[in-house]
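# Breakdown of the fold
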Amino acid sequence: MGRQAGLSFQKGTTAATILGSVLWFRALWALQLFLVLLGYRLGISGTEFVQGFLAGFIDGMRPVFFGFWFAYVAGYLAAAMLYPSRPIAASVTYFLASLLDLLLWLSASMFVSYEFILEGWAAMLDVAFNLLDLALIAALLTAALSGAANRMK
C-alpha cells in the first residue's frame, strides 16, 4: 500500500509536534498574562508597569472574574497536557476553555474604555489570539477525528 497524502497527527509526527508546541505556547502565554495581572491586583512588587486604563480595568474587576480567568487558563494547560495521548479529550477541553475565554473577552470588551485599554498592537494581539484559538480547535478536531478513523480501520 502507498503512503496516504495529507497531514498525520499521529504521535511523533511533525504535525503532532507542531500542534503540541503551539498548544503549550498558547497555554503558557495565557498563564503568564494571568499571573502578571493577578500579581498586580494583589499588589506584588515588580508589576508596576501595569498602568493607566489597564490598571483601572484590573482594579475594577470583580474577584469572580479572576476565577473564571483561571478556569480557562487551567483548561488550556490541561488540553496541552492531554495532547497527543488523548486528542478527543484535548479537543473538548480546549474548546470549552476557548469558549470561556471568548465569553470573558466579550464581557470585557463591553467595558466602556476597553478600546483604550488595549491600544494599537495590543488590540491586534488580542484578536490574533482569538484567531489562533479557532485554528487550534480546528487542528485538534482534525487530529481527534483522524485518530478515531485510524482506530476504526
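Residues numbered from 1 in each chain as written. Predicted model: local features only at pLDDT ≥ 70, side-chain atom pairs only at ≥ 80, totals over all residues. Heavy atoms only, no water.

Scanning the protein from N- to C-terminus turns up six helices and zero strands. Listed by position from the N terminus, the elements making up the protein come as α-α-α-α-α-α. Sorting the 153 residues of the protein into buried and exposed places 35% on the buried side. Long-range pairs, those at least 24 residues apart, make up 69% of the contacts in the protein between residues at least 6 apart in sequence. Surface summary for the protein: the accessible area is close to 9400 Å², and the carbon and sulfur share equals 72%. (Helix = DSSP H or I, 4+ residues; strand = E, 2+ residues; numbered from the N terminus. Buried < 20%, exposed > 50% of the residue type's maximum accessible area, 1.4 Å probe, protein only. Contact = heavy atoms within 4.5 Å. Areas by Shrake-Rupley, 256 points an atom, 1.4 Å probe, with all protein chains shown as cover.)

To continue, consider the pattern of salt bridges. Within the structure shown, the criterion is met by two salt bridges. Here Arg26 ties to Asp101 by a salt bridge, and the two come within 2.9 Å at their closest N and O atoms. Separated by 75 residues along the polypeptide, Arg26 in helix α1 (residues 14–41) and Asp101 in helix α4 (residues 87–109) bring together distant segments of the chain. For the pair Arg26 and Asp101, a shared accessibility class is recorded, and that class is buried. In this structure, Asp133 and Arg26 form a salt bridge, with 2.8 Å as the shortest nitrogen-oxygen distance. Here Asp133, found in helix α6 (residues 121–152), pairs with Arg26, found in helix α1; they are 107 residues apart in sequence, far enough to count as distant. Of the two residues, Asp133 and Arg26, both sit in the buried class. (Salt bridge = Lys/Arg side-chain N within 4 Å of Asp/Glu carboxyl O.)

Looking now at the confidence of the model for the protein. With 82% of its residues at a pLDDT of 70 or more, the protein shows a mean pLDDT of 83. Within the protein, the lowest mean pLDDT, 56, falls on helix α5 (residues 114–117), and the highest, 95, falls on helix α3 (residues 63–82). (pLDDT = per-residue confidence, 0-100.)

The subject of this paragraph is α1. Relative to the 40 Å expected for 28 residues at 1.5 Å per residue, α1 spans 40 Å between its end C-alpha atoms, a close match to the ideal helical length. Turning to α1, its buried residues number three or more, namely Ala15, Ala16, Leu19, Gly20, Leu23, Arg26, Ala27, Ala30, Phe34, Leu37, Gly39 and Tyr40. (Expected span 1.5 Å × (residues − 1).)

This part is about helix α2 (residues 52–60). Among all positions in α2, only Ala55, Phe57 and Ile58 are buried. Looking straight down α2, one finds that the buried residues subtend no more than 160 degrees of arc, so they occupy a single side. Turned more than 90 degrees away from the buried face of α2, the exposed residues are Gly52 and Gly60. (Arc of directions from axis to C-beta.)

The next thing to look at is the side chain of Ser98. In this fold, Ser98 is placed in helix α4. Not counting chain neighbours up to four residues away, the residues in contact with Ser98 comprise Tyr76, Asp133 and Ile137.

Moving on to the environment of Ile137. Counting through the fold element by element, Ile137 comes out in helix α6. When the C-alpha positions of Ile137 and Ala90 are compared, they lie 9.4 Å apart, and in sequence the two are 47 residues distant. With sequence-adjacent residues up to four places away left out, Ile137 is seen in contact with Tyr94, Phe95 and Ser98.

The next thing to look at is the nonpolar core. Counting 35 residues, the largest nonpolar core has Leu19, Leu23, Trp69, Tyr72, Tyr83 and Tyr94 as the members making the most contacts within it. For this core, the elements supplying multiple residues, two or more each, are α1, α2, α3, α4 and α6. The residues touching Tyr94, leaving out its near neighbours within four places in the chain, are Leu23, Arg26, Tyr76, Ala79, Asp133, Leu136, Ile137 and Leu140. (Core = buried A, V, L, I, M, F, W, Y, C linked by side-chain atoms within 4.5 Å.)

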